[in-house]
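# Chains, contacts and geometry: an overview
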Amino acid sequence: MKIIEGGVVAAKGFKAGGIHCGIRATRTKRDLSLIVSDVKASCAAVYTTNLVKGAPLTVTKAHIADGYAQAVIVNSGNANTCNADGIEIAETMSALAADALGIAASDVVVASTGVIGQPLNIEPIRKGMPQLVKSLSADSCDDAIEGIMTTDTVPKSIAVEFEAGGKTCRMGGIAKGSGMIHPNMATMLVFITTDAAISPEMLQKALSEDVKNTFNMLSVDGDTSTNDNCVVMANGMAGNAVIKEEGEDFTAFMTALNTVNVALSRMIAGDGEGATKLLECKVAGAADEITAKTVAKSVICSSLLKAAMFGADANWGRVLCAIGYSGADVDVNKVDVDFRSAAGTISVCRNGAGIEFSEEEAKKVLLEKEIDILIGLNSGDAEATAWGCDLTYDYVKINGDYRT
């Protein structure tokens, strides 16, 4: 397997595009995107666990109940959530895309992101649809990425090439996510395409299993979004035998999917609202996987630790504190903690107690853009990784006037 260019248009038979249609007040940023497969594709999705859900999720669930889809239409600038006519608007969005593409409306996935509780005017989308279809390209997905971004500061895209059934397959993904990011899928928009042939059932199995170790191990601010989901379309145009059961080909597919999802998770965490640093918490030596995940997520979600990382302060006691209230059954007298970055590694805690270390060296380590928080529980062989970011002044500035 290797990393390649192309994002969601790297796989055979996929095109993507994006335009500014007028949902956003600004006239310079795209706010409507489209991803299309040349043929109907197996489709799977996972959704936010928030009880307040955007209307597009309800529509998408109904449309892909048969396991298939052919296009995804997404708008940014308005979440289409908590609106009396939300379902009608989402259905109309999919119908407009379907009519323009000559496909069935039931084969269109619809998604929205932006402000909650603000009516979404369908007219800009209706008027922009011809231009949106014209923008479709098999060479670049840059416009489509811009069209799904809200407070993101960088585009998020990845693609890989892998072998399945003796055929070369490709898989690519794009994502948006910067704030309102917290575990329990999904807390971002993620769209993945592949030309591998796989049944809808096995595609759903692959996605549902992988998000447990990728997007569900990601947190920026502790807020689980109302709207967001992760959607995968597999159109089979690589020509491999359809993956219908577990085996070598399914393992190769899972490896590719995990590579894409880990990369996108790291990109989202590193681009957290106001963030200056990507944090990766690695827990090893846990008694079981649940314990490892619980500890990793508790540490990465600690506001006090996130603030310390912003200030390059090796306040390791905040790591122990987060472990202690995580609810995990941990022997705190066995816990080791190190901080690591491109500047080196510094040990700060052994057997649940502080050890002497150079504050100057620790600061050098923590001033880097990517910080690893290494936790050894010394109670078993299980491990887990979680991703997050530091907490800065700018997070409050961004969210203090997000709506107005």
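Quick summary incoming for the structure in this document. (Residues numbered from 1 in each chain as written. Predicted model: local features only at pLDDT ≥ 70, side-chain atom pairs only at ≥ 80, totals over all residues. Heavy atoms only, no water.)

Here we come to the pattern of salt bridges. Pairing is possible between side chains of opposite charge, provided their charged atoms come close. Enumeration according to the criterion identifies 19 salt bridges in this entry. Close ionic contact of Lys-205 with Glu-246 constitutes a salt bridge, the shortest N to O distance being 3.4 Å. Taken as a pair, Lys-205 in helix H5 (residues 200-210) and Glu-246 in the loop between strand E9 (229-234) and helix H6 (248-270) lie far apart in primary sequence, 41 residues in all. By relative accessible area, which is 33% here, Lys-205 ends up partly exposed. Salt bridges sharing common partners tie together Arg-266, Glu-280, Lys-282 and Glu-370. (Salt bridge = Lys/Arg side-chain N within 4 Å of Asp/Glu carboxyl O. Helix = DSSP H or I, 4+ residues; strand = E, 2+ residues; numbered from the N terminus. Buried < 20%, exposed > 50% of the residue type's maximum accessible area, 1.4 Å probe, protein only.)

Let us now look at the side chain of Ser-135. Positionally, Ser-135 belongs in the loop between helix H3 (123-134) and helix H4 (142-148). There is a polar contact of 3.3 Å between the side chain of Ser-135 and the backbone nitrogen of Gly-18. Sequence-distant contacts of Ser-135, defined by excluding residues within four places in its chain, comprise Ala-16, Gly-17, Gly-18 and Ile-19. (Polar contact = N/O pair within 3.5 Å; in protein donor to acceptor, adjacent residues only side chain to side chain. Contact = heavy atoms within 4.5 Å.)

Take the pairing of strand E14 (residues 370-376) next. Side chains on a regular strand alternate between the two faces of the sheet. The element E14 is extensively covered by neighbouring structure, given that 6 of its 7 residues are classed as buried. Inspection of the sheet shows strand E10 (residues 278-286) paired to E14 by 7 bridges, in the parallel sense. Directly across from Ala-284, in E14, lies its bridge partner Gly-376. Bridging between strand E11 (residues 336-341) and E14 involves 5 bridges; their strand directions are antiparallel. (Pairing = 2+ DSSP bridges.)

Turning our eyes to something else, we now look at the packing of helix H2 (residues 86-101) against H3. Look at H2 against H3: their axes get within 10 Å of each other, and the N-to-C directions meet at 35°. Read as a crossing pair, H2 and H3 show a hand that is right-handed. Touching Thr-92, Met-93, Leu-96, Ala-97, Ala-100 and Leu-101 of H2 are Ile-125, Arg-126, Met-129 and Val-133, all from H3. In terms of residue class, the contact of H2 with H3 is made up of 8 nonpolar, 1 polar and 1 charged. (Axes fitted to C-alpha atoms, helices over the stretch in contact; angles between N-to-C directions. Left-handed = near helix turned anticlockwise from the far one by under 90°. Nonpolar A, V, L, I, M, F, W, Y, C, P; charged D, E, K, R; others polar.)

Tallied over the full model, the rule gives 2 aromatic pairs. Their ring planes at 80° and their centres at 6.3 Å tell us that Phe-162 and Phe-253 sit as a pair that is edge-to-face. Residue Phe-162 is located in strand E6 (residues 156-164), and its partner Phe-253 is located in helix H6; the two are separated by 91 residues in the primary sequence. Both residues of the pair, Phe-162 and Phe-253, belong to the buried class. Relative to Tyr-393, the ring of Phe-310 has its centre 5.2 Å away and its plane inclined at 90°; by these criteria the two rings are edge-to-face. Here Phe-310 is found in helix H8 (residues 303-310), whereas its partner Tyr-393 is found in helix H11 (residues 393-400), with 83 residues between them in sequence. (Phe/Tyr/Trp six-rings, centres within 6.5 Å; stacked < 30°, edge-to-face > 60°.)

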